[in-house]
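# Close look at the chain arrangement
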Amino acid sequence: MPRDKSIRSVLIIGSGPIVIGQACEFDYSGSQAARSLREEGIEVTLINSNPATIMTDKVVADNVYLLPLEPASIQQILEQHNIDAVLPTMGGQTALNLAIQCQEMGMWEEFGVRMVGVDIQAIEITENREAFRNLMGEIGIPMAPQETAKSFLEGKEIAQKFGFPLCIRPSYTLGGSGAALVHTQAEYDKLLTRGLHLSPIHEVMIDKALMGWKEYELELLRDKNDNVTIICSIENFDPIGIHTGDSITVAPAMTLSDTTYQRMRDMAIKMMRAIGNFAGGCNVQFAVSPDDKEDIIAIEINPRVSRSSALASKATGYPIAKIASKLAIGYHLDELQNQITKSTSAVFEPTLDYVIVKIPRWNFDKFPGSNREIGLQMKSVGEVMGIGRSFQEALQKACQSLEINRNGLGADGKELRDQDQILNSLERPSWNRLFHIYDAIKLGIPFKTIQEKTKIDFWFLRQIEELIMLERKIEKYNLESLPRELFFEAKQKGYADRQIAHLLRCLESEVYKKRAEHGIKRVYKLVDTCAAEFEAKTPYYYSTFEFENESVVSDRKKVVVLGSGPNRIGQGIEFDYSCVHGVLAAKECGYETIMINCNPETVSTDFDTADKLYFEPVFWEHIYDIIQHEKPEGVIVQLGGQTALKLAAKLQKFGIKIIGTSYDSLDLAEDRGRFSNLLKDMNIPYPKFGVVESAEQAIELSKDLGFPLLVRPSYVLGGQKMKIVINENELEQHVVNILRDMPDNQILLDHFLEGAIEAEADAICDGKDVYIIGIMQHIEPAGIHSGDSYAVLPPYNLGDFLITQIEEHTKAIAVALGTVGLINIQFAIKNDTVYIIEANPRASRTVPFIAKAYDEPYVNFATKVMLGEKKVKDFEFNPKRSGYAIKIPVFSYEKFPEVNKELGPEMKSTGEAIRFIKDLRDPFFRQIYNERNLYLSK
């Protein structure tokens, strides 16, 4: 059946600001869906309030509305456009909830809009825990003993009936908000009350906890002809009790027998058909007993593109959101082409001849005093994915991608050796439990003890044990005597040169040289969806150590764009936005574009964004080998945040051209001493400062600078470890803490300008001319991190005298630094003097906000300047919006109710939204202005 021709215009609802539990995977899904529908000649209108996304860019949709996700905004769109259908399955729980609200208000019926990709019945059944349990009982799908409680008293009665341990799951919440695993009566009352309050319908499902059961997920697609295909099986490394978003996951499933897998397939298809008659994507979660019976129990089903859909898409190469959106408009699976092979149909189920491992990325360091134990409520802020020919190789590559100062799993001298600490970590899982499992095995703690405490399958534990056994073999040799076959085995199992160097007590460079002498080279394999049964047409690669290389190097001029790695607080989706626009601009200039990134949630790692995608760690060894293989004209580092910038020194050292601003200029801006001397020579004001390397030096310098002081380490992003101190005791304590966590890092001390106004400017420079794309004024005073501040564009109460100073300083500094590309400068304004806080000659987190506010492709233009294809004078910008744009920080404090929510110089927000106002009399502006100042006065 061809597509439904009556659908000519579709509304896609986005997911809003990034929060824990709903991150940039929905930017990927929404962007892919929009492109898929536009291929069919359908007009796509998109609503989202997040300015940092690609999906809210005019390259993605025909009409983009940066409006609050609320019924009034939907009504505004429906009044202005003749919308035929709404697709609410690409924006997570936020989009589904809004679609339901509009349905209840009769809005879709009033404007003749059909809901496609899902139906209301399916949403209501899956979100209403009791209705879902009853339906599963009717179709013979087993579930854990569970009952619904709508009051505290009902919850108490259920606990008495089932006994502990219990799971509490609030209905209609996101990312497991309020969910908890409860072992004792003492904690039950508090968590039950919290769960009831968090549920918008004041309802919780209470389950008998399946302790030690294994958790699996299946990603499904169904068409209107009721054909169903299973895209991917995903196994959780961690057992039931840890939210799948916080669990290490593996695809395909490793420890599931084929018989049980077939039963699970049948159950998933039966469940999908039972919840409603819709065409689109679906995610089903199961628990499997950890014994020979392998009993299967259903956990939940999500009738939409889920958090795991992006992972499954990247794991298999099967574009789930793209196909799901085509199914929603009437196509059948057998009518659609497999996007990788171009020769098989979309009903062809992917087959993997490799393994992927996803590891979550947490930011507990941003929330001092928070409960770091992970459980049913998701707390991670991002994730990485490693691809390898074996579980061990993929695991090592995923660990190398995390950017937590580890070179992989083990073999870096950082293991924990305290048995009591290790045992406590095994029993109370946190972000580092994987590493402590390695430490436990290496220390000789019995497998039985490790398994009893973690409930992790013995197969996974044996895999880690094999790595340790290999390390012990390697340690018996030195670099010269190490047998080639043992060297080759270590590389095949994912060990980095740095790890091997640690085991052999030599330098990484020496290991690399010896590896080259042995002819042990990385080769690149295609992600092809069909285990090489059919030829793949899409250049999506991962590395391994074998003999056949599938990455053919062209004779075109090339440029590498380094991605930003896993999302984290301070470095989020806005940098992926910049990377994608950098790729698109380089393509327009005739370059073959090569993207290197390891984040499965992003648009940059979509297989059709760049000409070639290397899904690899943004880790020096991997990057260098790709550069050696591809021989590009140069590398763009200024779009991928601190992740990419930190590699600039290595690129410089190895003679690899950095496209745009030079390494020396980048380092000059980061080196506070050199930068302040530059400002001094230019007669530009800056706060008194100093650089120290010890607590003693800091105390001595403070006597000259005077308190309060802003203390921060060099070369960090998101205000990491930044703090305002008011006396010598606070100063000493904070400097010691920084040096403990960041040894050998220089520490900057600035005299803090109390009560100063903070502003910032973003600009583009070609080394000679400068164009200022936007000046923003913060509502909060200096001292609150810019990422946590409300920012108003253009400034709301800075006079011409101050604006002129900002413009002059921005242009002078950009040229003096030799900036070629983007630059962000932050200012503190006091007593009619504009002081420079810092300058960053790179893409900043505010560039997407300004681009959306003025509807201009600033990153595209800046990339062409970096490549030398354009000069600033070649472009004429005409900002298309009047009035003011407000950047609104969004926090995920509900995941950490116990932490201090006070704002300061270290960033804590997880995302942002944008709001447009006509003038400063707008009630929204007056409200936030008054609320923020009232909060700060307290």
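Everything discussed here concerns the structure shown above.
Residues numbered from 1 in each chain as written. Predicted model: local features only at pLDDT ≥ 70, side-chain atom pairs only at ≥ 80, totals over all residues. Heavy atoms only, no water.

## A short note on the overall build of the protein chain
Rule in force here: Each helix is a run of DSSP H or I of at least 4 residues and each strand a run of E of at least 2, with the numbering of both proceeding from the N terminus. Throughout, radius of gyration means the C-alpha value; the globule benchmark is 2.2 Å times the number of residues raised to the power 0.38. The contact definition used throughout considers only heavy atoms, calling two residues in contact when any of these lie within 4.5 Å.
Helix and strand counts for the protein chain come out as 31 helices and 33 strands. By the compact-globule yardstick of 30 Å for 938 residues, the protein chain fits well, its C-alpha radius of gyration being 27 Å. Taken along the three principal axes of its C-alpha coordinates, the protein chain extends 80 × 75 × 65 Å. In the protein chain, of all internal contacts separated by at least 6 residues, the share reaching a separation of at least 24 is 70%.

## Considering helix α30 (residues 858–866)
For the record, the criterion: Here the term buried applies to any residue with accessible area under 20% of the maximum for its type, exposed to any over 50%, and partly exposed to those in between, with areas from a 1.4 Å probe on protein chains only.
The buried fraction of α30 amounts to nine of the nine residues, a majority that puts the element mostly inside the structure. When α30 is considered as a whole, its buried residues turn out to be Y858, V859, N860, F861, A862, T863, K864, V865 and M866. Elements in contact with the buried residues of α30: α20 (573–588), β22 (634–636), β27 (757–766), β28 (770–781), β30 (820–830) and α29 (847–854). The positive-phi residue at the C-terminal boundary of α30 is G868, with phi of around 80°.

## Structural notes on the layout of surface pockets
Selection criterion: A pocket, in this scheme, is an open set of points on a 1 Å grid over the protein atoms alone with protein on both sides within 12 Å along at least 5 of 7 lines, while a cavity is a set where a 1.4 Å probe fits but cannot get out; residues line either one if an atom lies within 4 Å of a point. Grid points are joined across faces, edges and corners, and a volume is the space filled by probe spheres set on the points. Each residue is assigned to one class: nonpolar for Ala, Val, Leu, Ile, Met, Phe, Trp, Tyr, Cys and Pro, charged for Asp, Glu, Lys and Arg, and polar for all the others, Gly among them.
If you add up the space inside the second largest pocket, you get close to 1000 Å³. Contributing to the lining of the second largest pocket are 32 residues, with L181, N371, E373, I374 and G375 lying nearest its centre. At four residues, the largest contribution of residues to the lining of the second largest pocket is made by helix α8 (residues 185–198). Grouping the amino acids of the lining of the second largest pocket by side-chain chemistry returns 12 nonpolar, seven polar and 13 charged.

## As for the pairing of strand β20 (residues 592–597)
Heads up, the condition is: Clockwise travel from the first strand over the helix to the second, with the strands pointing away from the viewer, marks a crossover as right-handed.
Burial analysis of β20 places six of its six residues in the buried class, which makes it a mostly covered element. Burial along β20 is two-sided: the residues E592, I594 and I596 and T593, M595 and N597 are all buried. Regarding the hand of the β-α-β motif, the stretch spanning strand β19 (residues 558–562), α20 and β20 is right-handed.

## Comments concerning the sheet that holds strand β8 (residues 180–182)
Cut-off, in case you're wondering: Being paired, for any two strands, means DSSP has found at least two bridges between them. Helix axes are fitted to C-alpha atoms over the stretch in contact, other axes to C-alpha atoms as well, and angles between N-to-C directions run from 0 to 180 degrees.
Pairing within the open sheet is antiparallel, and its four strands lie in the order β6-β9-β7-β8. Strands at the two margins of the open sheet, each flanked by one partner only, are β6 (146–149) and β8. Across this sheet, the average inter-strand angle for adjacent strands is 25°, counted without regard to direction. Pairing geometry for strand β7 (residues 166–170) and strand β9 (residues 204–208), over five bridges, is antiparallel. Bridged to P170 within β9 is V204. Helix-sheet contacts for helix α7 (residues 152–162) involve β6, β7 and β9, and the interaxial angle to β6 is about 165°.

## Remarks on the nonpolar core
To be explicit about the condition: Among buried residues, the Ala, Val, Leu, Ile, Met, Phe, Trp, Tyr and Cys ones that are joined through side-chain atoms within 4.5 Å form a nonpolar core.
Ranked by internal contacts, the top residues of the largest apolar core, which has 167 residues, are I12, I359 and I464. By residue number, the principal contributor to this core is helix α16 (residues 458–474), which donates seven residues. Ignoring sequence-local partners within four residues, the contact set of I359 consists of I248, E383, V384, L395, A398, C399, L402 and L434. Among the nonpolar cores identified, the runner-up in size contains 54 residues, and Y65, I74, I120 and I301 belong to it.

## Digging into the packing of aromatic side chains
Each pair of aromatic rings is reported with the distance of its centres and the angle of its planes. Note the threshold: Ring pairs are drawn from Phe, Tyr and Trp, using the six-membered ring of Trp, whenever the two centres fall within 6.5 Å, and their geometry is named by plane angle: stacked under 30 degrees, edge-to-face over 60, tilted for the rest. Only when the NZ atom of a Lys or the CZ atom of an Arg is both within 6 Å of the ring centre and within 35 degrees of the ring normal do we say a charge sits over the ring.
Summed over all chains, the structure comprises 27 aromatic pairs. Ring geometry for Y624 versus F654: centroids 5.0 Å apart, planes at 55°, classification tilted. Here Y624, found in helix α21 (residues 620–630), pairs with F654, found in the loop between α23 (648–653) and α24 (663–670); they are 30 residues apart in sequence, far enough to count as distant. The structure contains a cluster of three or more aromatic residues connected by ring pairs, namely Y771, Y858, F861, F875 and F877. Taking NZ or CZ as reference, K557 lies 4.3 Å from the ring centre of Y591, over its face.

## Structural notes on the pattern of salt bridges
Note the following rule: Here, a salt bridge means any side-chain nitrogen of Lys or Arg that lies within 4 Å of a carboxyl oxygen of Asp or Glu.
With the rule as written, the count across this model stands at 58 salt bridges. A salt bridge links R8 to D84, with the shortest nitrogen-to-oxygen separation between them at 3.9 Å. Of this pair, R8 sits in the segment before β1 (9–13) while D84 sits in the loop between α2 (71–80) and β4 (85–87), and the two are 76 residues apart along the sequence. Since its relative accessible area comes to 12%, D84 is described here as buried. One salt bridge in this structure joins D189 and K156, with 3.1 Å as the shortest N-O distance. Taken together, the residues D189 in helix α8 and K156 in helix α7 connect sequence positions 33 residues apart. For K156, a relative accessible area of 26% gives the class partly exposed. In this structure, a network of salt bridges that share partners links the residues D353, R389, K525, E546, E548 and E550.

## Here's the deal with the environment of A440
Relative to the helices and strands, A440 resides in helix α14 (residues 433–443). Residues A440 and I450 lie 10 residues apart in sequence; the distance between their C-alpha atoms is 7.5 Å.

## What to know about the packing of helix α17 (residues 484–492) against helix α19 (residues 508–518)
Axes are the key here: two packed helices are described by the angle between their axes and the distance separating the axes. Put simply, the rule reads: Any angle between 65 and 115 degrees counts as roughly perpendicular, while under 35 counts as roughly parallel, over 145 as roughly antiparallel, and the rest as oblique. In this scheme the handedness of a crossing depends on how the near helix is turned from the far one: anticlockwise by less than a right angle means left-handed, clockwise means right-handed.
It is the contact of α17 with α19, at a shortest axis distance of 11 Å, that shows an interaxial angle of 115°. Considering their axes alone, α17 and α19 lie roughly perpendicular with respect to each other. By crossing handedness, the relation of α17 to α19 is classed as left-handed. Residue-level contacts link R484, F487 and K491 of α17 to V511, K514, R515 and H518 of α19.

## Structural notes on helix α15 (residues 447–454)
So the rule is basically this: As used here, the arc is the angular range of directions from the helix axis to the C-beta atoms.
Those residues of α15 that sit buried are F447, I450, Q451 and T454. The arc that holds the buried residues of α15, viewed along the axis, is 95°, so those residues lie on one side. Elements in contact with the buried residues of α15: α13 (419–427), α14 and α16. Phi turns positive one or two residues past the end of α15, at K455, with a value near 60°.

## Description of the environment of V735
Its location among the elements puts V735 in helix α27 (residues 728–741). When its relative accessible area of 0% is taken as the criterion, V735 is described as buried. Taking C-alpha positions, V735 is 38 Å from R194, a pair spaced 541 residues apart along the chain.

## Focus on the sheet that holds strand β13 (residues 280–288)
The strand order across the open sheet formed by seven strands is β14-β13-β10-β11-β12-β15-β16, and the pairing between neighbours is antiparallel. Every interior strand has two partners, whereas the edge strands, β14 (296–302) and β16 (382–388), have only one. On average, each strand axis in the sheet is inclined to that of its neighbour by 25°, with strand direction left out of account. Direction of pairing for strand β10 (residues 214–222) relative to strand β11 (residues 228–236): antiparallel, over a ladder of seven bridges. Its bridge partner being in β11, L221 is matched across the sheet by T229. In the packing of helix α12 (residues 391–401) onto the sheet, contacts are made with β12 (249–251), β15 (355–361) and β16, and the angle to β15 comes to roughly 30°.

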